[in-house]
Amino acid sequence: MRALAFVLALLASVLTVPDGVLHAEEDRSGLVWMSGDEITATFKGEGLAGLYPSNRSWTETIRSDGTTDYREGGNHWQGTWWVRDREFCFSYPPPGMGGCFRVTRISANCYELYEFTQPTGSDETPPYIADLWNGRMWRTSSPTTCEARPSV
């Protein structure tokens, strides 16, 4: 499911720019990838909610023991998560699969995920052009700030 998100992100950036997302002309030059330590400190033990570029929503619980509970529509997968260098990785039993993502914080409680195996996720810095993300997420313990501008 997450691998398909990159293709949807590209289509979304070409076809439409949904309300509440960053626009390509905004300055994103100061955004950086979160370190592995930052990813762990920010998300371990947290509930997350997010959107794919198609505006399909999902939720996930990132448990302290390395397990995860992912829900999207009527689908529900129990999986595992781990951090490798600057990558936030997930694995779910088939047909869920998983993947590794780099994460950038764009505001106080809004994060973009970029699949590491894709060009936008393997670059040294996050993409300069907005709306190429594979997913946008926030911690459910606080109100989302995804409508805010990037904080650099």
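If you're wondering where the values come from, they're calculated on a predicted model, not measured in any experiment. (Residues numbered from 1 in each chain as written. Predicted model: local features only at pLDDT ≥ 70, side-chain atom pairs only at ≥ 80, totals over all residues. Heavy atoms only, no water.)

A word on unusual backbone geometry. A positive phi angle is found at Asn55, which is not glycine, with a value near 75 degrees. Looking at the element boundaries, Asn55 is found in the loop between strand E1 (46-51) and strand E2 (57-62). A relative accessible area of 45% means that Asn55 is categorised as partly exposed. The phi dihedral of Asp85 is positive, around 55 degrees, even though this residue is not glycine. Relative to the elements of secondary structure, Asp85 occurs in the loop between strand E4 (75-84) and strand E5 (87-92). Residue classification places Asp85 among the exposed residues on the basis of a relative accessible area of 58%. (Helix = DSSP H or I, 4+ residues; strand = E, 2+ residues; numbered from the N terminus. Buried < 20%, exposed > 50% of the residue type's maximum accessible area, 1.4 Å probe, protein only.)

What follows deals with the pattern of salt bridges. Tallying each qualifying case throughout the model produces five salt bridges. Glu72 is paired through a salt bridge with Arg56; the nearest N and O atoms lie 2.9 Å apart. Placement of Glu72 in strand E3 (residues 67-72) and of Arg56 in the loop between E1 and E2 is noted, with a sequence separation of 16 residues between them. For Arg84, the salt bridge identified is with Glu87, shortest N-O distance 2.6 Å. Owing to a relative accessible area of 5%, Glu87 belongs among the buried residues under this scheme. Members of the salt-bridge network, linked through shared partners, are Arg63, Asp69 and Arg71. (Salt bridge = Lys/Arg side-chain N within 4 Å of Asp/Glu carboxyl O.)

Scanning the entire structure with this criterion turns up two disulfides. Each disulfide pairs two cysteine sulfurs, and for Cys89 the partner residue is Cys100, the sulfurs being separated by 2.1 Å. Disulfide Cys89-Cys100: torsion about the S-S bond near 115 degrees, hence right-handed. Highlighted residues: Cys89 in strand E5 and Cys100 in strand E6 (residues 97-107), separated in sequence by eleven residues. By relative accessible area, which is 12% here, Cys100 ends up buried. A disulfide bridge connects Cys110 with Cys146, and the sulfur atoms are separated by 2.1 Å. Measuring the twist about the S-S bond at about 100 degrees, one finds the Cys110-Cys146 disulfide to be right-handed. Placement of Cys110 in strand E7 (residues 110-115) and of Cys146 in the segment after strand E8 (135-139) is noted, with a sequence separation of 36 residues between them. Judged by its relative accessible area of 7%, Cys146 falls in the buried class. Here the bonded cysteines of the protein chain are numbered in sequence order, and their pairing is 1-2, 3-4. (Disulfide = S-S within 2.5 Å.)

Another aspect to go through is the nonpolar core. Ranked by internal contacts, the top residues of the largest apolar core, which has 18 residues, are Phe43, Trp58, Phe88, Phe90, Val103 and Met137. Among the elements that take part in this core, E5 stands out by supplying three residues, more than any other. Apart from the residues within four sequence positions on either side, Trp58 is in contact with Leu48, Ala49, Gly50, Leu51, Tyr52, Tyr70, Arg71, Glu72, Leu113, Arg136 and Met137. Counting residues in hydrophobic clusters, the runner-up holds six residues, among them Leu31, Ala49, Ile106 and Cys146. (Core = buried A, V, L, I, M, F, W, Y, C linked by side-chain atoms within 4.5 Å. Contact = heavy atoms within 4.5 Å.)

Once that is clear, we can look at the environment of Thr117. Among the structural elements, Thr117 can be located in the loop between E7 and helix H3 (119-122). Between the alpha carbons of Thr117 and Gly99 there is a distance of 8.6 Å; along the sequence they are 18 residues apart.

On to the pairing of E3, then. Inspection of the sheet shows E2 paired to E3 by four bridges, in the antiparallel sense. Each bridged residue has a counterpart across the sheet, and for Ile62 the counterpart in E3 is Thr68. Counting the residues in the hairpin turn of E2 and E3 gives four residues, including Gly66, whose phi is positive at 90 degrees. Where E3 lies against E4, six bridges are found, and the strand directions are antiparallel. The residue of E4 that forms the bridge with Thr68 is Gly79. Here E3 folds back onto E4 in antiparallel fashion, the turn holding two residues, of which Gly73 has a positive phi close to 60 degrees. (Pairing = 2+ DSSP bridges.)

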